[in-house]
Amino acid sequence: MEELFPIDTLPNASDFAQVFYDVLNCHKWLYDNSRILHRDISLANIMYRFHDEGDIYGVWIDMDLSRI
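None of the values given here were measured: they were computed from a predicted structure.

Describing the overall build of the protein chain
Thinking step 1. Counting its secondary structure elements, the protein chain contains one helix and three strands.
Thinking step 2. Listing each helix as α and each strand as β along the protein chain from the N terminus yields β-α-β-β.
Thinking step 3. Along the longest, intermediate and shortest principal axes, the C-alpha atoms of the protein chain span 35 × 25 × 20 Å.
Thinking step 4. The proportion of buried residues among the 68 residues of the protein chain is 24%.
Thinking step 5. A separation of at least 24 residues holds for 60% of the contacts in the protein chain among residues at least 6 apart in sequence.
Thinking step 6. For the protein chain, the exposed surface amounts to about 4900 Å²; the carbon and sulfur share of it is 56%.
Thinking step 7. Seen as two clouds, the 5 positive and the 12 negative side-chain charges of the protein chain have centres 16 Å apart.

In structure tokens, the structure reads:
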């Protein structure tokens, strides 16, 4: 299982922008393809992980309040 890190531990603004961009794209994809709304967007539900090459990716968690 991959390790996830809270967004408030990001070292710089460009990493924060990348993570937030990833999460917004995830939200758009979920809504466009399945009409699912997260309904609990908060900093506590935005995490990030590192890929093998060191790239950073935003991860959206806690989908239990989602609605179709």
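Examining the confidence of the model for the protein chain
Thinking step 1. Per-residue confidence for the protein chain gives a mean pLDDT of 87; residues scoring 70 or more make up 93%.
Thinking step 2. The element-level mean pLDDT for the protein chain is lowest in strand 3 (residues 56-60), coming to 91, with strand 1 (residues 5-6) highest at 95.

Here's the deal with helix 1 (residues 13-34)
For the α-helix, the turn length of 3.6 residues means that residues three or four positions removed from each other point alike.
Thinking step 1. For helix 1, which comprises 22 residues, the first-to-last C-alpha distance of 31 Å matches the rise-based estimate of 32 Å (1.5 Å per residue) to within 8%.
Thinking step 2. All of the buried residues along helix 1 are Asp 15, Val 19, Asp 22, Val 23 and Leu 30. Buried residues along helix 1 cover an arc of 90° about the axis, so they all sit on one side. The outward face of helix 1, more than 90 degrees from its buried face, is lined by the exposed residues Ala 13, Ser 14 and Tyr 21.
Thinking step 3. Positioned one or two residues after helix 1, Arg 35 has a phi angle of 60°, which is positive.

Some remarks on the pattern of salt bridges
Thinking step 1. Counted under the stated rule, the structure contains two salt bridges.
Thinking step 2. Of the charged contacts in the structure, one is a salt bridge between Glu 2 and Arg 49, with a shortest N-O distance of 3.4 Å. Placement of the pair is Glu 2 in the segment before strand 1 and Arg 49 in strand 2 (residues 46-50), with a sequence separation of 47 residues.
Thinking step 3. Since its relative accessible area comes to 22%, Arg 49 is described here as partly exposed.
Thinking step 4. In this structure, Asp 32 and Lys 28 form a salt bridge, with 2.4 Å as the shortest nitrogen-oxygen distance. One end of the pair, Asp 32, and the other, Lys 28, are both in helix 1, four residues apart, so they sit about a helical turn from each other.

Brief notes about the side chain of Asp 22
Thinking step 1. Locating Asp 22 in the fold gives a position in helix 1.
Thinking step 2. Although Asp 22 is buried, it forms no salt bridge, and the closest oppositely charged side chain is Arg 49 at an N-O distance of 8.0 Å.
Thinking step 3. Polar contacts involving the side chain of Asp 22 include one to the side chain of Gln 18, which spans 2.8 Å.
Thinking step 4. If we skip the residues at most four places from it in the chain, Asp 22 touches Ile 56, Tyr 57 and Gly 58.

What counts and what doesn't
- Here the residue numbers are simple positions, counted from 1 along each chain's written sequence.
- Given that the model is predicted, a residue must reach a pLDDT of at least 70 before its local features are reported, and side-chain atom pairs must reach 80 or more before they are shown or counted; all residues, however, enter totals for whole chains, interfaces and linings.
- Calculation of side-chain values draws on the structure's entire complement of heavy atoms; hydrogens and water are dropped beforehand.
- Secondary structure counts use DSSP, requiring at least four H or I residues in a row for a helix and at least two E residues in a row for a strand, with both numbered from the N terminus.
- Three labels apply to residues, based on accessible area from a 1.4 Å probe with only protein chains included: buried if under 20% of the type maximum, exposed if over 50%, partly exposed otherwise in between.
- Two residues qualify as a contact provided that any one of their heavy atoms is within 4.5 Å of a heavy atom in the partner residue.
- Here the open area of atoms and residues is found with the Shrake-Rupley method and a 1.4 Å probe, where only the protein chains shown may cover a residue.
- A positive count includes Lys and Arg, and a negative count includes Asp and Glu. His and the chain ends are not counted in either.
- Charged groups are reduced to one reference atom each: NZ for lysine, CZ for arginine, CG for aspartic acid, CD for glutamic acid.
- On a scale of 0 to 100, pLDDT captures the predictor's confidence in every residue.
- Helix span, expected: 1.5 Å multiplied by one less than the number of residues in the helix.
- It is the directions from the helix axis to the C-beta atoms whose arc is reported.
- The rule for a salt bridge is simple: a side-chain nitrogen of Lys or Arg has to be within 4 Å of a carboxyl oxygen of Asp or Glu.
- Counting of polar contacts relies on pairs of N or O atoms within 3.5 Å, with two restrictions inside protein: one atom must be capable of donating a hydrogen and the other of accepting it, and residues adjacent in sequence are counted only when both atoms are side-chain atoms.

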